[in-house]
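Chain by chain, the residues:
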Amino acid sequence: MPADERFAVRRESARASVPRPLTAAPAPAGVPLPPGLALRGRLATGARRPGTPRGSGRGGSGRAGSGSRTPRSGRGGGPRRVYERARRAWDRPLTAYYVILGSSLLITVLGLVMVYSASMIKALDISKPATYFFGKQFLAAVIGGGLMLIAARMPVKLHRGLAYPILMVTVFLMVLVQVPGIGMSVNGNQNWLYLGGPFQLQPSEFGKLALILWGADLLARKQDKRLLTQWKHMLVPLVPVAFMLLGLIMLGGDMGTAIILTAILFGLLWLAGAPTRLFAGVLGFAAVLAFLLIRTSPNRMSRLACMGVSEPDPEGGCWQAAHGIYALASGGWFGSGLGASVEKWGQLPEPHTDFIFAITGEELGLAGTLSVLALFAALGYAGIRVAGRTEDPFVRYAAGGVTTWITAQAVINIGAVLGLLPIAGVPLPLFSYGGSALLPTMFAVGLMIAFAREDPAAKAALAMRRPGVRWKTMRRRVKKRSSGER
């Protein structure tokens, strides 16, 4: 046999000796294949295992089917994910800074719009231009904005240094108000100083800011010396000085400002950690004093009797409280429209000052009033965050005092308009007409902005947002390349 034929025979025999993979032949009807044979058949033929997506084997070039595609972790919704994102956004270092700045500016701007709308008829009634009250409020807002910017840029040490000068100047002006021929009486309250032209000044509004700065500095120094554990150091001289300011205010008959000053005093004592019996004692003394002052004044008794009324008396009593409820009730969901109020046409006595919230409800409806409440709630919560996250005792006391001031005054004003509290005669902070109330309030807001900027994490975040710092940081991160590298 030739050599080539012998080679072909050997090749065929070698092929026959190699075991061939078993394939699963189609089973007859009703006769299942053995498990081992079926499995080996599937593996040999390259059949897909159950549950394995296409293109997931070796090579992996194919795309998975639409049914086996898994959602990405970064996408998706749901209340839980929305809550987590909101919580992470609120925990950012600059959140309190932006919330305080944004909410205060929005309240001020919306207040300017509502002052113009609510005071037009009042200005025409006293033979003045329609923009008379708006012009004065706008000028006060511009000056207050400058004060807010200055306060926001001032360091904390300078704020502490201004505590005693502001207190002494405020006390001097409040004493000057009681001098005959210098002080002025407005609506029965001897609390005003005439500055010339159409401008007047109410020093008692600056007394709130003076008490906060001086009280915060006093309590911070005593805490550094570990003296606040003794009740006499906690009360003296904070409570006597506060009562001196209250006495000067009450000489002029301004019960509303005295209530706000008392709330600030209680806020400072609570932040200082006053024990319950001491706190209750001061609160009880203030309640007894307030009862005597209300009981001995027919005007204050009539205001107390107007709580919850829905219509005025036949003799004309509770007229303002009743028409405030009428204004809110006629606003509906979205109001009658900006400038379309009916109550400001002589029915509501103070449409642009104490009862501007009622005109807001009439013209902007429930949506407008809830927006104002939401802005005040955001401002108050941001102030609590600043006071709670700081390690500086002065910042904690001052931020807590400012938050107590703005929140308590807003609650008292809105509660009086709703008929839930007596009419105290206090304006809505940053919203109502009145330059004497707007200037110290905007300075106090700038104070909280400065405190929010002093947080170490906020300082680092603000430093990274500066263009020069960011450019230098980017230059440090870029590696130098060799001359031949592109």
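Structural notes on the pairing of strand E2 (residues 189-196)
Line of reasoning, step 1. Two elements, strand E1 (residues 183-186) and E2, share 4 bridges in a ladder whose sense is antiparallel. Looking at E2, one finds that Gly 183 is bridged to Leu 193.
Line of reasoning, step 2. The hairpin turn running from E2 into strand E3 (residues 199-201), its antiparallel successor, is 2 residues long, and Gly 197 in that turn takes a positive phi close to 70°.

Thoughts on the side chain of Ser 432
Line of reasoning, step 1. Mapped onto the elements, Ser 432 comes out in the loop between helix H16 (393-417) and helix H17 (435-453).
Line of reasoning, step 2. You can call Ser 432 buried: its relative accessible area is 4%.
Line of reasoning, step 3. Side-chain polar atoms of Ser 432 contact the backbone oxygen of Thr 353, separated by 2.7 Å.

Points about the sheet that holds E3
Line of reasoning, step 1. One open sheet accounts for 3 strands, arranged E1-E2-E3; its pairing is antiparallel. The two strands at the open ends of the sheet, each matched to only one other strand, are E1 and E3. Taking each pair of neighbouring strands and ignoring which way they run, the sheet shows an average axis angle of 55°.
Line of reasoning, step 2. Bridge count between E2 and E3: 3 bridges; the pairing is antiparallel. Paired with Leu 193 across the two strands is Leu 201, which belongs to E3.

Quick notes on the confidence of the model for the chain
Line of reasoning, step 1. On average, the chain scores 82 in pLDDT, and the residues at 70 or more come to 79%.
Line of reasoning, step 2. Confidence drops under a pLDDT of 50 for residues 33-74, and excluding neighbours within four residues, the segment shows 26 contacts in the predicted structure.
Line of reasoning, step 3. Across residues 473-486 the pLDDT falls below 50, and counting only partners more than four positions away or on other chains, this stretch makes 2 contacts in the model.

A closer look at a positive patch on the surface
Line of reasoning, step 1. Taken together, the side chains of Arg 81, Arg 85, Arg 88, Arg 92 and Arg 465 define a basic patch exposed on the protein surface.
Line of reasoning, step 2. Turning to its location among the elements, Arg 465 is positioned in the loop between helix H18 (456-464) and helix H19 (467-477).

What counts as what
- Residues numbered from 1 in each chain as written.
- Predicted model: local features only at pLDDT ≥ 70, side-chain atom pairs only at ≥ 80, totals over all residues.
- Heavy atoms only, no water.
- Pairing = 2+ DSSP bridges.
- Helix = DSSP H or I, 4+ residues; strand = E, 2+ residues; numbered from the N terminus.
- Buried < 20%, exposed > 50% of the residue type's maximum accessible area, 1.4 Å probe, protein only.
- Polar contact = N/O pair within 3.5 Å; in protein donor to acceptor, adjacent residues only side chain to side chain.
- Axes fitted to C-alpha atoms, helices over the stretch in contact; angles between N-to-C directions.
- pLDDT = per-residue confidence, 0-100.
- Contact = heavy atoms within 4.5 Å.
- Patch = residues over 30% accessible without salt bridge, like charges linked within 9 Å, V, L, I, M, F, W, Y side chains within 5 Å.
- Areas by Shrake-Rupley, 256 points an atom, 1.4 Å probe, with all protein chains shown as cover.
- Salt bridge = Lys/Arg side-chain N within 4 Å of Asp/Glu carboxyl O.
- Lys, Arg positive; Asp, Glu negative; His and termini not counted.
- Charge placed at Lys NZ, Arg CZ, Asp CG, Glu CD.

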